[in-house]
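Results of the structural survey
Letter by letter, the chains look like this.
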Amino acid sequence: MSEKFDLIVVGAGPAGTSCAFTAAKNGLKVLLIERGEFPGSKNVMGGILYRKQLEEIIPEFWKEAPIERPVVEQRFWFLDKESMVTTSYKGLEWGKEPYNNFTVLRAKFDKWFADKAVEQGALLINETVVTECIVEDGKVVGVRTDRPDGEVYADVVVLADGVNSLLAKQLGFHKEWKPNEVALTVMEVLKLPPKTINERFNVQDNQGVSVEMFGDATHGLLGTGFLYTNKDSINVGVGTTLSSMIKHKLKPHELLEHVKNHPMIQPYVEGGESQEYLAHLIPEGGYNTVPKLVGDGVIVTGDAAQFVNAIHREGSNMAMSSGKIAAETVMKAKETGDFSERSLDSYRTEIYDSFIGKDLKKYKDAAHTFEENPQYFKEYVPMMNQAMNTFFTVDGTPKWEKQKKIMKKMTAGRGKIGFAKDMYRAWKAVK
Amino acid sequence: MAKTLEDKQYLLRFNCDQKSHLEVLDHQVCATSCPDKDCTIFCPADVYKWEGDRMFVGYEGCHECGSCRIGCPHQNIKWEYPKGGHGIVFRLA
């Protein structure tokens, strides 16, 4: 493997494959390196794939991609121990072209997507770990792999090596992540007949539902549980920041059992046959932890760049857009033959001008605010539940009195000013 | 439905390497400076087990998530990816 490529992409996930696809389609000589047996075999996500960003790469991809169900309803559950307050949006327009988002199973989807990049002319090499970037005179000129004579050279190396990104760390682009900058998430795929899924979630064959759960799903810790419908299975999972797991001595698989057995969730998963158990980290440091994105001969994309909007569970879409922008940057640089940091820097400015940079900025304080102020998940979610219970339980108490009682309860812990401050702080963190 | 971690791990396919990709750098640190041994709790696959005097590393069941590397309070875990094509093989999600 001593030949030289225009572009080496490390990692065949959404970011890497989008980059390889776009570059190969535009005539670049691209090598895509994947450490797994096949693309997808190491990759995990809850399961929501957004339409817009992939459509910009492969128009009408849903006609051939292995998607599970288009999501027509997004539910949000605020759980207490034996109750929940819910809100949701269901729109049938999401069930028709061009759709909004889909559930997918990544091992199937990523494999299909990487094959599309290969169709465009990218060379895909599986079962190969990139052990380090080859740096000459401060410039990345290629990669060293764990294959014999495994050095390969290119004008540019795009790092799409996922949340751990040992390669960007090796280059000094970021320090080791802190436990509060990553979320440890575990999930199970449960097989259920499509008919059962349709009945339980009140949908038809080609309609899916996503459920995000807060509060008791994570014992009131910063994090979420989720339930997504595939064609003939459902994904049930839960995650919190690694720091919360450590602080509260939680065993992830026990937290998952807690979710599966929660009285509000159990009826949805009952009788499901476990097919797979998966653990993965999600980069949730947000705007303030985005590493150095560009160097001489190198660009960082996707999870490796911490491009995740945890509040809106968006990640794979940001990965795809960043991969595409990286490819376009390399194509431009090729015209001038200048692959220096200065030349590639338009990647960074384009990222920050796009929805990626803007959305990360919008929520830059959100994770920190909710981590530092545990009362939102720990206290206010149970309070919401109690308030609804009080208001809707008919016991002869006049409604005005009930309202007063609820307000008193809401402000009992922190006082009226404390309550107002909490509300303002939460609004400020997401405004 | 899988209840225990053993049930869950049994669902998975691993193409194990002969050599561990995880290494405790200094076993003395686990023994003397780390009373909580958090890795034995938060690892989603129970890879780390304290055996009274030594940390046992069952790398064969590792999900390669990276939590132990980040979460070890003493940065005492050398963490690499398994050799290409080895380690966990997810078939679905």
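Residues numbered from 1 in each chain as written. Chains lettered and ligands numbered in written order. Predicted model: local features only at pLDDT ≥ 70, side-chain atom pairs only at ≥ 80, totals over all residues.

Details of the overall build of chain A
Scanning chain A for helices and strands turns up 16 helices and 17 strands. For chain A, whose C-alpha radius of gyration is 23 Å, the value lies close to the compact-globule estimate of 22 Å for 431 residues. For chain A, the spread of C-alpha atoms along the principal axes amounts to about 80 × 50 × 40 Å. A burial count over chain A gives 53% of its 431 residues as buried. For chain A, the proportion of contacts with a sequence separation of at least 24, taken over those separated by at least 6, is 72%. (Helix = DSSP H or I, 4+ residues; strand = E, 2+ residues; numbered from the N terminus. Rg over C-alpha atoms; globule rule 2.2 N^0.38 Å. Buried ≥ 20, exposed ≤ 12 C-beta atoms within 10 Å, placed from the backbone. Contact = placed C-beta atoms within 7 Å.)

What to know about the overall build of chain B
In terms of regular secondary structure, chain B is built from four helices and six strands. Ordered by position from N to C terminus, the α and β elements of chain B give α-β-β-α-α-β-β-α-β-β. Over its C-alpha trace chain B gives a radius of gyration of 14 Å, about what one expects of a compact globule, namely 12 Å for 93 residues. Projected onto its principal axes, the C-alpha positions of chain B cover 40 × 30 × 20 Å.

Some thoughts on the pairing of strand β4 (residues 67–79) of chain A
Residue and element names in this part refer to chain A. Counting buried residues along β4, 11 of its 13 residues qualify, which places the element largely inside the surrounding structure. The pairing of β4 with strand β12 (residues 208–215) spans eight bridges and is classified as parallel. What sits directly across from Phe-76, in β12, is Glu-212. Relative to strand β5 (residues 84–90), β4 runs antiparallel, the two being bridged by seven bridges. In the sheet register, Gln-74 faces β5, and the bridge partner there is Tyr-89. Two successive antiparallel strands, β4 and β5, enclose a turn made up of four residues. (Pairing = 2+ DSSP bridges.)

Let's talk about the interface of chain B and chain A
On the side of chain A, 46 residues touch chain B, which itself brings 31 residues to the contact. Elements with a contribution of two residues or more to the side of chain B that touches chain A: α1 (5–10), α3 (39–42) and α4 (67–71) of chain B. The element best represented in the side of chain B that touches chain A is α1(B), accounting for four residues.

Considerations on the domain arrangement of chain A
Residues and elements named next belong to chain A. Considered domain by domain, chain A is made up of domain 1 (4–66 + 105–175 + 288–362), domain 2 (180–283) and domain 3 (367–430). In this structure, domain 1 and domain 2 have C-alpha centres spaced 28 Å apart. Residue-level contacts link 13 residues of domain 1 with 15 residues of domain 2. By residue class, the composition of the side of domain 1 that touches domain 2 is six nonpolar, five polar and two charged. (Domains from an automatic or database assignment. Nonpolar A, V, L, I, M, F, W, Y, C, P; charged D, E, K, R; others polar.)

What to know about the packing of helix α14 (residues 375–392) of chain A against helix α15 (residues 399–412) of chain A
All names here are of chain A. Closest axis-to-axis distance for the α14/α15 pair is 10 Å, and the angle between their directions is 165 degrees. By the angle class used here, α14 and α15 are roughly antiparallel. As for the relative orientation of α14 and α15, their crossing is right-handed in sense. Residue-level contacts link Met-383, Gln-386, Ala-387, Thr-390 and Phe-391 of α14 to Lys-402, Lys-405, Ile-406, Lys-409 and Met-410 of α15. Across the contact of α14 with α15, the residue classes tally to five nonpolar, two polar and three charged. (Axes fitted to C-alpha atoms, helices over the stretch in contact; angles between N-to-C directions. Parallel < 35°, antiparallel > 145°, perpendicular 65-115°, else oblique. Left-handed = near helix turned anticlockwise from the far one by under 90°.)

Focus: the pairing of strand β15 (residues 273–283) of chain A
Residue and element names in this part refer to chain A. Most of β15 is tucked away, with nine of its 11 residues classed as buried. Two strands pair when backbone bridges link them, and strand β11 (residues 182–191) and β15 are joined in this way by 10 bridges, in the antiparallel orientation. By the bridge assignment, Val-189 is partnered in β15 with Glu-276.

Side note on the environment of Gly95(A)
All names here are of chain A. Summarising the element assignment, Gly-95 is placed in the loop between β5 and β6 (101–104). For the pair Gly-95 and Phe-339, spaced 244 residues apart in sequence, the C-alpha separation works out to 44 Å. Apart from residues lying up to four places away in sequence, Gly-95 is in contact with Pro-70, Val-72, Asn-206 and Gln-207.

Here's the deal with the environment of Phe391(A)
Inspection of the secondary structure assignment puts Phe391(A) in helix α14. Apart from residues lying up to four places away in sequence, Phe391(A) is in contact with Lys402(A) and Ile406(A).

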